[in-house]
Amino acid sequence: METSQREEQHKAAEQRRRELLEAADRVVLREGPGASMNAIAAEAGITKPILYRHFGDKGGLYRALAVRHTDALLAGLRAALDAPTNRRERVETTLDSYLAAIEARPQVYRFLMHPADEGQPSDQGFDVGRHSAPLLRRMGEELAQVIVERVDLGPDGEELARTWGHGIVGMMHAAGDWWLRERPFPREQLVRYLADLLWGRLATSGDRADGPGF
(Lines give C-alpha, C1' and ligand atoms only; values in the text may rest on other atoms or scores of the structure.)
Protein backbone atom coordinates (compact mmCIF):
# COMPACT_ATOMS: atom_id res chain seq x y z
CA MET A 1 0.00 0.00 0.00
CA GLU A 2 2.77 2.41 0.98
CA THR A 3 4.72 1.51 -2.17
CA SER A 4 1.66 2.20 -4.32
CA GLN A 5 1.18 5.58 -2.63
CA ARG A 6 4.80 6.50 -3.20
CA GLU A 7 4.51 5.58 -6.86
CA GLU A 8 1.40 7.70 -7.24
CA GLN A 9 3.09 10.61 -5.50
CA HIS A 10 6.11 10.23 -7.78
CA LYS A 11 3.89 10.20 -10.88
CA ALA A 12 2.02 13.26 -9.65
CA ALA A 13 5.32 15.10 -9.00
CA GLU A 14 6.61 14.20 -12.48
CA GLN A 15 3.37 15.38 -14.05
CA ARG A 16 3.56 18.65 -12.12
CA ARG A 17 7.16 19.13 -13.21
CA ARG A 18 6.18 18.63 -16.87
CA GLU A 19 3.39 21.17 -16.49
CA LEU A 20 5.80 23.70 -15.00
CA LEU A 21 8.29 23.13 -17.83
CA GLU A 22 5.52 23.65 -20.37
CA ALA A 23 4.62 26.93 -18.65
CA ALA A 24 8.29 27.92 -18.74
CA ASP A 25 8.41 27.07 -22.45
CA ARG A 26 5.47 29.37 -23.15
CA VAL A 27 7.16 32.27 -21.37
CA VAL A 28 10.48 31.62 -23.09
CA LEU A 29 8.77 31.55 -26.50
CA ARG A 30 7.28 34.99 -25.75
CA GLU A 31 10.20 36.63 -23.97
CA GLY A 32 13.36 34.75 -24.94
CA PRO A 33 16.38 35.51 -22.74
CA GLY A 34 14.27 38.01 -20.79
CA ALA A 35 12.13 35.21 -19.33
CA SER A 36 12.23 35.57 -15.54
CA MET A 37 11.34 33.25 -12.69
CA ASN A 38 8.56 35.69 -11.71
CA ALA A 39 6.99 35.52 -15.17
CA ILE A 40 7.26 31.72 -15.29
CA ALA A 41 5.69 31.35 -11.83
CA ALA A 42 2.84 33.66 -12.88
CA GLU A 43 2.30 31.67 -16.08
CA ALA A 44 2.09 28.46 -14.05
CA GLY A 45 -0.30 30.05 -11.54
CA ILE A 46 2.04 29.52 -8.59
CA THR A 47 4.31 31.63 -6.42
CA LYS A 48 8.04 31.87 -7.05
CA PRO A 49 8.93 29.94 -3.85
CA ILE A 50 6.94 26.96 -5.17
CA LEU A 51 8.85 27.19 -8.46
CA TYR A 52 12.10 27.22 -6.49
CA ARG A 53 10.92 24.15 -4.59
CA HIS A 54 10.75 22.22 -7.87
CA PHE A 55 13.91 23.55 -9.57
CA GLY A 56 16.04 25.25 -6.91
CA ASP A 57 16.92 28.40 -8.86
CA LYS A 58 17.10 29.67 -12.43
CA GLY A 59 20.07 27.38 -13.03
CA GLY A 60 17.98 24.36 -12.07
CA LEU A 61 15.11 25.44 -14.31
CA TYR A 62 17.54 26.16 -17.13
CA ARG A 63 19.07 22.68 -16.86
CA ALA A 64 15.64 21.05 -16.93
CA LEU A 65 14.61 23.05 -20.01
CA ALA A 66 17.97 22.37 -21.64
CA VAL A 67 17.61 18.61 -21.18
CA ARG A 68 14.06 18.77 -22.56
CA HIS A 69 15.10 20.64 -25.72
CA THR A 70 18.39 18.80 -26.19
CA ASP A 71 16.54 15.47 -26.06
CA ALA A 72 14.19 16.68 -28.79
CA LEU A 73 17.07 18.03 -30.87
CA LEU A 74 19.05 14.80 -30.58
CA ALA A 75 15.99 12.78 -31.58
CA GLY A 76 15.77 14.89 -34.75
CA LEU A 77 19.47 14.45 -35.47
CA ARG A 78 19.24 10.67 -35.00
CA ALA A 79 16.29 10.50 -37.38
CA ALA A 80 18.26 12.48 -39.96
CA LEU A 81 21.30 10.20 -39.55
CA ASP A 82 19.06 7.17 -40.13
CA ALA A 83 17.42 8.60 -43.24
CA PRO A 84 17.34 6.04 -46.12
CA THR A 85 19.43 8.08 -48.55
CA ASN A 86 23.04 8.50 -49.70
CA ARG A 87 25.76 9.80 -47.39
CA ARG A 88 25.99 13.34 -48.79
CA GLU A 89 22.23 13.84 -48.48
CA ARG A 90 22.30 12.38 -44.98
CA VAL A 91 25.00 14.87 -43.95
CA GLU A 92 22.96 17.75 -45.35
CA THR A 93 19.76 16.48 -43.71
CA THR A 94 21.52 16.25 -40.33
CA LEU A 95 22.91 19.78 -40.61
CA ASP A 96 19.52 21.06 -41.70
CA SER A 97 17.80 19.30 -38.78
CA TYR A 98 19.87 21.31 -36.29
CA LEU A 99 19.57 24.62 -38.14
CA ALA A 100 15.83 24.20 -38.72
CA ALA A 101 15.33 23.54 -34.99
CA ILE A 102 17.05 26.76 -33.89
CA GLU A 103 15.34 28.73 -36.66
CA ALA A 104 11.91 27.43 -35.64
CA ARG A 105 12.33 28.44 -31.98
CA PRO A 106 14.92 31.24 -31.90
CA GLN A 107 13.68 32.57 -28.55
CA VAL A 108 14.26 29.19 -26.92
CA TYR A 109 17.71 29.00 -28.50
CA ARG A 110 18.62 32.46 -27.22
CA PHE A 111 17.32 31.64 -23.75
CA LEU A 112 19.52 28.53 -23.63
CA MET A 113 22.64 29.99 -25.23
CA HIS A 114 22.45 33.74 -24.65
CA PRO A 115 20.45 34.48 -21.48
CA ALA A 116 22.67 37.46 -20.68
CA ASP A 117 21.55 39.27 -23.84
CA GLU A 118 18.41 40.48 -22.12
CA GLY A 119 19.08 39.39 -18.56
CA GLN A 120 16.90 40.87 -15.85
CA PRO A 121 18.47 42.31 -12.68
CA SER A 122 17.37 39.24 -10.71
CA ASP A 123 19.30 37.04 -13.13
CA GLN A 124 22.68 38.73 -12.72
CA GLY A 125 25.47 36.27 -12.07
CA PHE A 126 23.83 33.48 -14.09
CA ASP A 127 26.72 31.66 -15.78
CA VAL A 128 25.51 30.52 -19.19
CA GLY A 129 28.82 28.86 -20.06
CA ARG A 130 28.62 26.58 -17.05
CA HIS A 131 25.26 25.30 -18.31
CA SER A 132 25.49 25.46 -22.10
CA ALA A 133 28.90 23.78 -22.44
CA PRO A 134 27.62 20.38 -21.18
CA LEU A 135 24.83 20.50 -23.80
CA LEU A 136 27.31 20.93 -26.62
CA ARG A 137 29.58 18.22 -25.16
CA ARG A 138 26.64 15.84 -24.96
CA MET A 139 25.78 16.47 -28.61
CA GLY A 140 29.43 16.01 -29.58
CA GLU A 141 29.67 12.65 -27.80
CA GLU A 142 26.39 11.45 -29.33
CA LEU A 143 27.56 12.35 -32.82
CA ALA A 144 30.97 10.76 -32.20
CA GLN A 145 29.24 7.51 -31.22
CA VAL A 146 27.26 7.51 -34.46
CA ILE A 147 30.43 8.09 -36.50
CA VAL A 148 32.51 5.42 -34.77
CA GLU A 149 29.72 2.86 -35.17
CA ARG A 150 29.22 3.54 -38.87
CA VAL A 151 32.36 4.84 -40.55
CA ASP A 152 35.60 2.89 -41.01
CA LEU A 153 38.24 5.37 -39.85
CA GLY A 154 41.09 2.93 -39.35
CA PRO A 155 43.11 2.11 -36.20
CA ASP A 156 42.64 5.55 -34.65
CA GLY A 157 38.93 5.57 -35.47
CA GLU A 158 37.63 6.24 -31.96
CA GLU A 159 39.88 9.24 -31.38
CA LEU A 160 39.11 10.60 -34.82
CA ALA A 161 35.36 10.06 -34.38
CA ARG A 162 35.34 12.01 -31.11
CA THR A 163 37.37 14.80 -32.71
CA TRP A 164 34.95 14.93 -35.61
CA GLY A 165 31.88 14.71 -33.37
CA HIS A 166 32.88 17.66 -31.20
CA GLY A 167 34.28 19.58 -34.17
CA ILE A 168 31.07 19.20 -36.19
CA VAL A 169 28.90 20.25 -33.24
CA GLY A 170 31.15 23.27 -32.61
CA MET A 171 30.92 24.21 -36.29
CA MET A 172 27.13 23.84 -36.37
CA HIS A 173 26.76 25.87 -33.18
CA ALA A 174 29.08 28.72 -34.19
CA ALA A 175 27.86 28.96 -37.79
CA GLY A 176 24.23 28.59 -36.75
CA ASP A 177 24.59 31.26 -34.07
CA TRP A 178 26.04 33.74 -36.56
CA TRP A 179 23.50 32.87 -39.25
CA LEU A 180 20.52 33.15 -36.88
CA ARG A 181 21.60 36.65 -35.85
CA GLU A 182 22.34 38.02 -39.33
CA ARG A 183 20.31 35.86 -41.76
CA PRO A 184 22.70 36.68 -44.63
CA PHE A 185 21.22 34.02 -46.94
CA PRO A 186 18.69 31.14 -46.88
CA ARG A 187 19.19 28.18 -44.54
CA GLU A 188 19.56 25.81 -47.49
CA GLN A 189 22.61 27.74 -48.64
CA LEU A 190 24.26 27.49 -45.23
CA VAL A 191 23.59 23.75 -45.17
CA ARG A 192 25.31 23.36 -48.53
CA TYR A 193 28.33 25.44 -47.50
CA LEU A 194 28.83 23.49 -44.26
CA ALA A 195 28.37 20.14 -46.02
CA ASP A 196 31.05 21.17 -48.54
CA LEU A 197 33.41 21.91 -45.66
CA LEU A 198 32.77 18.51 -44.05
CA TRP A 199 32.75 16.43 -47.16
CA GLY A 200 36.53 15.81 -47.60
CA ARG A 201 37.40 12.57 -45.80
CA LEU A 202 33.77 11.68 -45.19
CA ALA A 203 33.43 11.18 -48.94
CA THR A 204 36.32 8.71 -49.13
CA SER A 205 35.90 6.74 -45.87
CA GLY A 206 34.07 3.43 -46.20
CA ASP A 207 31.31 2.10 -43.98
CA ARG A 208 32.18 -0.21 -41.12
CA ALA A 209 31.54 -3.80 -42.14
CA ASP A 210 29.70 -4.52 -38.88
CA GLY A 211 27.80 -1.23 -38.70
CA PRO A 212 24.48 0.08 -40.07
CA GLY A 213 26.21 2.22 -42.64
CA PHE A 214 26.56 5.95 -43.11
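Above this text is the structure in question.
Residues numbered from 1 in each chain as written. Predicted model: local features only at pLDDT ≥ 70, side-chain atom pairs only at ≥ 80, totals over all residues. Heavy atoms only, no water.

Here's the deal with the overall build of the protein chain
Applicable threshold: The numbering of helices and of strands both runs from the N terminus, where a helix is a DSSP run of H or I of at least 4 residues and a strand a run of E of at least 2. For each residue, the accessible area found with a 1.4 Å probe, counting protein chains only, is set against the maximum for its type, and the residue is called buried under 20%, exposed over 50%, and partly exposed in between. Note on contacts: a residue pair qualifies if any of its non-hydrogen atoms lie within 4.5 Å across the two residues.
Across its full length, the protein chain holds nine helices and zero strands. Tracing the protein chain from N to C terminus, the helices and strands come up as α-α-α-α-α-α-α-α-α. Residue burial in the protein chain is summarised as follows: out of 214 residues, 43% are buried. The long-range fraction of contacts in the protein chain, counting pairs at least 24 apart against all pairs at least 6 apart in sequence, stands at 69%.

A few points about the environment of Asp82
Defined as follows: Definition of a polar contact: a pair of N or O atoms within 3.5 Å, with one able to donate and the other able to accept a hydrogen when the atoms are protein atoms, and with sequence-neighbouring residues admitted only if both atoms are side-chain atoms.
Note on placement: Asp82 falls in the loop between helix H4 (58-81) and helix H5 (87-104). For the pair Asp82 and Val146, spaced 64 residues apart in sequence, the C-alpha separation works out to 10.0 Å. With residues up to four places along the chain from it excluded, the contact list for Asp82 reads Arg90 and Arg150. There is a polar contact of 2.5 Å between the side chain of Asp82 and the side chain of Arg150.

Considerations on the environment of Asp210
Among the structural elements, Asp210 can be located in the segment after helix H9 (187-204). Taking the relative accessible area as the measure of exposure, Asp210 reaches 62% and is therefore exposed. For the pair Asp210 and Val151, spaced 59 residues apart in sequence, the C-alpha separation works out to 9.9 Å.

A short note on the side chain of Thr94
Take Thr94: it is sitting in helix H5. Residue class for Thr94 comes out buried when judged on its relative accessible area of 10%. Once residues lying within four places of it in the same chain are set aside, the contact partners of Thr94 are Leu77, Ala80 and Leu81.

Here we look at the pattern of salt bridges
Quick reminder of the rule: Whenever a carboxyl oxygen of Asp or Glu lies within 4 Å of a side-chain nitrogen of Lys or Arg, that contact is scored as a salt bridge.
Scanning the model with the defined rule gives 14 salt bridges in all. Between Arg30 and Glu43 there is a salt bridge, with the nearest N and O atoms lying 2.9 Å from each other. On the criterion of sequence distance, the pair formed by Arg30 in helix H1 (residues 2-31) and Glu43 in helix H2 (residues 37-44) is long-range, its members being 13 residues apart. For the salt bridge of Asp196 with Arg88, the shortest nitrogen-to-oxygen distance reads 2.7 Å. Taken as a pair, Asp196 in helix H9 and Arg88 in helix H5 lie far apart in primary sequence, 108 residues in all. Residue class for Asp196 comes out partly exposed when judged on its relative accessible area of 44%. A network of salt bridges, in which partner residues are shared, links Asp96, Glu103, Arg183 and Arg187.

Thoughts on the packing of aromatic side chains
Note on aromatic pairs: each is described by the distance of the centres and the angle between the planes. This is how the line gets drawn: Classification of ring pairs rests on two measures: the distance between centres of Phe, Tyr or Trp rings, Trp counted by its six-membered ring, which must be within 6.5 Å, and the angle between planes, read as stacked under 30 degrees, edge-to-face over 60 and tilted in between.
Within this structure, the stated rule accounts for three aromatic pairs. Pairing Tyr62 with Phe111 gives two aromatic rings, centres 6.0 Å apart and planes at 35 degrees, and the pair type is tilted. Linking Tyr62 in helix H4 with Phe111 in helix H6 (residues 106-113), this pair joins segments that are 49 residues apart in sequence. Using a relative accessible area of 2% as the deciding quantity, one classes Phe111 as buried. For the pair Phe185 and Tyr193, a centre-to-centre distance of 5.5 Å together with 80 degrees between the ring planes defines the contact as edge-to-face. Through a chain of ring-to-ring contacts, the aromatic side chains of Trp178, Phe185 and Tyr193 assemble into a single cluster.

Observations regarding the environment of Met37
Looking at the secondary structure, you find Met37 in helix H2. The sequence separation of Met37 and Val27 amounts to ten residues, and the corresponding C-alpha distance is 9.7 Å. In contact with Met37, not counting residues within four places along its chain, are Lys48, Leu51, Tyr52, Asp57, Lys58 and Leu61.

Focus: H4
Cut-off, in case you're wondering: In this analysis, the expected span of each helix is defined as 1.5 Å times one less than the number of residues it contains.
In a regular helix each residue adds 1.5 Å, so 24 residues correspond to 34 Å; H4 covers 34 Å between its end C-alpha atoms and thus fits that length. A side-chain oxygen of the first residue of H4 lies 3.0 Å from the backbone nitrogen of Gly59; this N-cap is Asp57.

With respect to unusual backbone geometry
Unlike most non-glycine residues, Arg183 shows phi in positive territory, near 45 degrees. Within the element layout of this structure, Arg183 appears in the loop between helix H8 (157-182) and H9. For Arg183, a relative accessible area of 40% puts it in the partly exposed group.

It is worth stressing that arrangement in space is one thing and function is another; only the former is reported here.
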